[in-house]
Amino acid sequence: MTVTVAFQMDHIRSIKIAGDTGFALLLEAQRRGHRVLHYTPDRLSLRDGAVVAMAETIEARDVEGDHFTLGEPERVDLSTVDAVLMRQDPPFDLAYITATHFLERIHPKTVVVNDPTHVRNAPEKIFVTHFPHLMPPTLISRDRQEIEEFRREHGDVVMKPLYGHGGASVFKVGREDPNFGSLYDLFSNLFREPWVIQRFLPKITEGDKRIILIDGEAAGAINRVPAANDIRSNMVRGGAAKPTDLTPREREICETIGPDLKRMGLILVGIDVIDGNLTEINVTAPTGIRAIKRLGGPDLAVTVWDVIESKVRR
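Residues numbered from 1 in each chain as written. Predicted model: local features only at pLDDT ≥ 70, side-chain atom pairs only at ≥ 80, totals over all residues. Heavy atoms only, no water.

Draft legend 1. A look at the nonpolar core. In this structure, Leu-78, Leu-103, Ile-271 and Ile-281 are the most contacted members of the largest nonpolar core, which totals 42 residues. When residues of this core are traced back to their parent elements, those giving at least two are β2 (35-39), β4 (50-60), β7 (83-86), α2 (94-103), β13 (208-214), α7 (248-263), β16 (268-274) and β17 (277-282). Each of domain 1 (4-114) and domain 2 (124-128 + 204-304) gives at least three residues to this core. Setting aside anything within four residues of it in sequence, one finds Leu-103 in contact with Gln-8, Tyr-39, Leu-44, Val-51, Leu-78, Val-84, Met-86, Val-112 and Pro-116. Val-5, Ala-301, Val-304 and Trp-305 belong to the second largest nonpolar core, which has 36 residues in total. (Core = buried A, V, L, I, M, F, W, Y, C linked by side-chain atoms within 4.5 Å. Buried < 20%, exposed > 50% of the residue type's maximum accessible area, 1.4 Å probe, protein only. Helix = DSSP H or I, 4+ residues; strand = E, 2+ residues; numbered from the N terminus. Domains from an automatic or database assignment. Contact = heavy atoms within 4.5 Å.)

Draft legend 2. Inspection of helix α6 (residues 180-190) at higher detail. Among all positions in α6, only Phe-180, Gly-181, Leu-183, Tyr-184 and Phe-187 are buried. Looking down the long axis of α6, one finds its buried residues gathered within 165° of arc, a one-sided arrangement. Among the exposed residues of α6, those pointing more than 90 degrees away from its buried face are Ser-182, Asn-189 and Leu-190. (Arc of directions from axis to C-beta.)

Draft legend 3. Inspection of the sheet that holds β16 at higher detail. Taken together, five strands build an open sheet; the order of strands is β15-β14-β13-β16-β17 and the sheet is antiparallel. Strands with a single pairing partner mark the edges of an open sheet, and in this sheet they are β15 (240-243) and β17. Neighbour-to-neighbour, the strand axes of this sheet turn through a mean angle of 30°, independent of strand direction. Here six bridges tie β13 to β16, and the two strands are oriented antiparallel to one another. When the sheet's bridge partners are listed, Arg-210 is paired in β16 with Asp-272. (Pairing = 2+ DSSP bridges. Axes fitted to C-alpha atoms, helices over the stretch in contact; angles between N-to-C directions.)

Draft legend 4. Structural view of the packing of aromatic side chains. Enumeration over the complete set of coordinates arrives at eight aromatic pairs. Ring centres 5.6 Å apart and planes at 40° place the aromatic pair Phe-92 and Tyr-96 in the tilted group. Relative accessible area serves as the criterion here: at 13%, Phe-92 is assigned to the buried category. A relative accessible area of 3% means that Tyr-96 is categorised as buried. Measuring from centroid to centroid gives 6.2 Å for Phe-180 and Tyr-184, while their planes differ by 45°, and the two rings are tilted. Residue Phe-180 and its partner Tyr-184 are located together in helix α6, separated by four residues, close to a single helical turn. One aromatic cluster is present, built from ring pairs that chain together Phe-171, Phe-180, Tyr-184, Phe-187, Phe-191 and Trp-195. (Phe/Tyr/Trp six-rings, centres within 6.5 Å; stacked < 30°, edge-to-face > 60°.)

Here it is as structure tokens:
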């Protein structure tokens, strides 16, 4: 089967190909002989009811610094392509939400990965709270009294922005931390939304496991170990990826949430698990596929494309 697929992504020149899941998916689409288009979210438009993008054909190469060649831009009616992969990085802001409103007009005739309606309705740090029995104690609030009460109950906590990403602005706050007042003021000034407060999990030093689920099934994982003197395991923050297997508890988590992910059309999902506790369900542009393959695991780009092709209506 040959399909036409459009990648909605940050510009190809800006990505770091060694760890970029979207690039892995692009290479696999190209390997299969698909026609591949590239456009950035700012070139997505709603024109007289049609969803269009100024897109270029792309030829990708797994060569750092010489990894792409683009064709000439052309206006493409996205209802005429077979699939759109929504792969731009967060922030999950009004621009991101607007893009989901546009793309839901063409889905599922054009298969959008992930389903834009459910991406919009499943913010990563809120969606996970549908499964409180799988999580550490968690509060989402900007009310100081609620936060103080939560700290008194649970001691050391982690505070992070509700719509943050990549480990930015993640802080550990001790039970008697004298910096809490200043941190509260800082968050209040920076973020209009509530923020996330979770009981601190000391075993973060042993790793934060990223598990990839494809069409609701656990498909592969890596363990991300924080750098010394940091609680953030994100690889963009210095975390080191290590090969790993799933524990019985982690399989239980995947089996619990998998049916909902499949029902919602969330084909490619990355979850984060620390010491058997589910902390996030990432549905926007989850990463990890290239690291899993590099560390001897399966090539999950193949699995993702098998699923996409099965959903394309010919």
